[in-house]
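# Secondary and tertiary structure notes
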Amino acid sequence: MQTQVISQPLVGTPWLERFPEDGGAGEKIRLDGFPFTIGRNESCSLPIDSAKVSREHAAIQSEGGRYWVEDLGSTNGTLLNGQRIDRAVLGDGDVLMIANVQFSFFLPGSGVSRTMATQVLDLGQPGTDTVRSATEIIAGVRRLGEVLNHRAVNTTFQPIVDLARGRVLGYAARGSWNTGSRLASSGDPLMAIECRLTGQIRRLERIMAVEAALEWPGEQSLFVRVHASEFGDPTLLDWLVRLRQILPTTHALVAELPDSAAGETPFARELCDGLRRSGVGMAIDASATGATRWSKDSASRPDYLLLDRTSLSEAQRNAQRRRQLESIIQAGREAGCDTVASDVQTEDEAALCRILGARFGRGDHFGPPQPIEDILYNSKSVRITD
């Protein structure tokens, strides 16, 4: 069967999209016959010339408007959204890895590829030092591609502690990766760009955090970050709900949402309502909440207000700013929102957080970010000063 490579998908037809490793336009492959087989054999619906791909590697099936992918006993495996699978349902925007070859799966009429537009980069004027950033950007994009293809994410977890009792509420997950001699993280400037690659890496970071959290003993909360560039992505809610379904009921999942989640846009309302119905907690920056307008039964009410270090420093120096934060924290408490003070470094800062009314804190004062092995096996105590 000959592969149907197309410039634009046909209406009503799902497709795979593949981007060449050396750059260039994406290749759209129409899925118009099932089972749609992928492998090294020329007889497959989609032959792939790679020694890492098995002769008959995987197949995409369809029935009743639903699609799923099945690994056909391949040597190097089939990954869906960073997880190795034997058989799994395919959703719009899913990332499919056939050994070392990556595809994105799209359903007709979704419009996902249109929302994930590439951001224009300012490379500077010819003859200036900033032109060199073009080479750096190319190298950075390749580095991010390696991170995604090899699941090269190092996840660490920083404890979130009850300021009064010293009990660990849970952990905030943060991702970094080591490619060659360079250690990068979510703070990499390229990760601020809104494109399919950065979106996939952020999803992978959350997936790997959830996988590690499955090993936690007892009842814990996992805080995962949602970047501002992801806000507006129509698949975001589904992805977060899937993570909630993976975690056991003993573990809570909390999404740290960007400031824009505090607005009254249709997307923000729909996202917050969907998260609450699905049992996913929400945390929003306290400084973005204004006078705090929620009632206890409001769908958009966050479960946690995040107090950043800048706000804490301002409260230490400025009495008016301190009163403002106290007012926001108090109003949040009356609406059922707890406050988490971030990046607490000293006991003096922890004491101020207690005075302001914050219930929880995180930062090096309570323990540095740790790999899952340290949490599970080294039994490191959380440092609390009464």
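What you are looking at is a predicted structure, and each value in this text was computed from that prediction instead of being measured.

Here we come to the overall build of the chain. A count of helices and strands for the chain gives nine helices and 22 strands. Out of the 386 residues in the chain, the part that is buried amounts to 49%. When the accessible area of the chain is evaluated, it comes to approximately 18500 Å², of which 48% is carbon and sulfur surface.

The predicted model of the chain averages 78 in pLDDT, with 73% of residues at 70 or higher. Low confidence marks residues 110-132, where pLDDT is under 50. Its contacts with residues over four positions away, or in another chain, come to 30 contacts.

It is worth spelling out helix 7 (residues 319-334) at this point. If you check helix 7, its first and last C-alpha atoms are 23 Å apart, about what 16 residues at 1.5 Å a residue would give, namely 22 Å. Taken together, the buried positions of helix 7 are occupied by Arg321, Leu325, Ile328, Ile329 and Gly332. Taken end-on, helix 7 shows its buried residues confined to a sector of 95°, consistent with a single buried face. Exposed side of helix 7, more than 90 degrees from the buried face: Arg323 and Glu334 are the residues found there. Looking at the buried side of helix 7, the elements it contacts are strand 19 (304-307), helix 6 (309-317), strand 20 (338-341) and helix 8 (347-356). Put simply, asparagine 318 is the residue that caps the front of helix 7, since its side-chain oxygen is 2.8 Å from the backbone nitrogen of glutamine 320. Note on helix 7: the residue one or two positions beyond its end, glycine 336, has a positive phi of about 95°.

The next thing to look at is the packing of aromatic side chains. Counted by the stated rule, this structure contains eight aromatic pairs. Pairing tyrosine 171 with tryptophan 216 gives two aromatic rings, centres 5.1 Å apart and planes at 50°, and the pair type is tilted. Taken as a pair, tyrosine 171 in strand 14 (residues 168-179) and tryptophan 216 in the loop between helix 3 (196-213) and strand 16 (220-225) lie far apart in primary sequence, 45 residues in all. For the pair shown, tyrosine 171 and tryptophan 216 are each scored as buried. By way of ring pairs, the aromatic residues Phe34, Tyr67 and Phe105 are connected into one cluster.

Bringing the environment of leucine 163 into the picture now. Secondary-structure assignment places leucine 163 in the loop between strand 13 (154-162) and strand 14. According to the relative accessible area criterion, leucine 163 is buried, its value standing at 3%. Separated by 178 residues in sequence, leucine 163 and alanine 341 have C-alpha atoms that sit 9.5 Å apart. Those residues in contact with leucine 163, other than ones at most four positions away along the chain, are Cys353, Arg354, Ala358, Arg359, Phe360, Gly361 and Phe366.

Inspection of every chain in the model, using the stated rule, returns 17 salt bridges. The residue arginine 165 makes a salt bridge to aspartate 162 at a minimum N-O spacing of 3.3 Å. For arginine 165, a relative accessible area of 58% puts it in the exposed group. Owing to a relative accessible area of 3%, aspartate 162 belongs among the buried residues under this scheme. Residues arginine 354 and glutamate 347 are paired through a salt bridge, measuring 3.0 Å at the closest nitrogen-oxygen approach. Connected through salt bridges with shared partners, the residues Asp162, Arg165, Asp338 and Arg359 form a single ionic network.

Grouped together as the largest cluster of nonpolar side chains are 50 residues, with contacts concentrated most on Phe157, Leu222, Leu257, Leu275 and Leu356. Per-element accounting of this core gives the leading share, six residues, to helix 4 (residues 236-246). Not counting chain neighbours up to four residues away, the residues in contact with leucine 275 comprise Leu237, Leu240, Leu257, Val280 and Met282. Membership of the second largest hydrophobic core comes to 22 residues, among which are Ile29, Leu31, Ile48 and Ala99.

Attention shifts here to the environment of alanine 255. As for its placement among the helices and strands, alanine 255 is situated in strand 17 (residues 251-256). When near neighbours in sequence (up to four residues on either side) are disregarded, alanine 255 contacts Val224, Val226, Leu240, Val280, Gly281, Met282 and Ala283.

Taken in spatial order, the five strands of this open sheet run 5-4-6-7-10, and their pairing is mixed. The open sheet has two edge strands, strand 5 (46-47) and strand 10 (87-89), and neither has a second partner. Where strand 4 (residues 36-39) and strand 5 come together, two bridges link them in parallel fashion. Bridge pairing links glycine 39 to proline 47 in strand 5.

At a closest axis distance of 6 Å, the pairing of helix 6 and helix 7 adopts a crossing angle of 125°. The orientation of helix 6 with respect to helix 7, classified from their angle, is oblique. For the crossing formed where helix 6 meets helix 7, the hand is left-handed. Contacts between helix 6 and helix 7 pair Ser311, Glu314, Ala315 and Arg317 from the former with Ala319, Arg321, Arg322 and Leu325 from the latter. Its residues placed into classes, the contact of helix 6 with helix 7 shows three nonpolar, one polar and four charged.

On to the pairing of strand 6 (residues 58-63), then. Across three bridges, the pairing between strand 4 and strand 6 is antiparallel. Residue pairing for strand 6: phenylalanine 36 is matched across the bridge by isoleucine 60. The pairing of strand 6 with strand 7 (residues 66-71) spans six bridges and is antiparallel. Looking across to strand 7, one finds that alanine 59 is bridged to glutamate 70. Adjacent in sequence and paired antiparallel, strand 6 and strand 7 are bridged by two residues, among which glycine 64 carries a positive phi angle near 60°.

Parameters and conventions
- Residues numbered from 1 in each chain as written.
- Predicted model: local features only at pLDDT ≥ 70, side-chain atom pairs only at ≥ 80, totals over all residues.
- Heavy atoms only, no water.
- Helix = DSSP H or I, 4+ residues; strand = E, 2+ residues; numbered from the N terminus.
- Buried < 20%, exposed > 50% of the residue type's maximum accessible area, 1.4 Å probe, protein only.
- Areas by Shrake-Rupley, 256 points an atom, 1.4 Å probe, with all protein chains shown as cover.
- pLDDT = per-residue confidence, 0-100.
- Contact = heavy atoms within 4.5 Å.
- Expected span 1.5 Å × (residues − 1).
- Arc of directions from axis to C-beta.
- Polar contact = N/O pair within 3.5 Å; in protein donor to acceptor, adjacent residues only side chain to side chain.
- Phe/Tyr/Trp six-rings, centres within 6.5 Å; stacked < 30°, edge-to-face > 60°.
- Salt bridge = Lys/Arg side-chain N within 4 Å of Asp/Glu carboxyl O.
- Core = buried A, V, L, I, M, F, W, Y, C linked by side-chain atoms within 4.5 Å.
- Pairing = 2+ DSSP bridges.
- Axes fitted to C-alpha atoms, helices over the stretch in contact; angles between N-to-C directions.
- Parallel < 35°, antiparallel > 145°, perpendicular 65-115°, else oblique.
- Left-handed = near helix turned anticlockwise from the far one by under 90°.
- Nonpolar A, V, L, I, M, F, W, Y, C, P; charged D, E, K, R; others polar.

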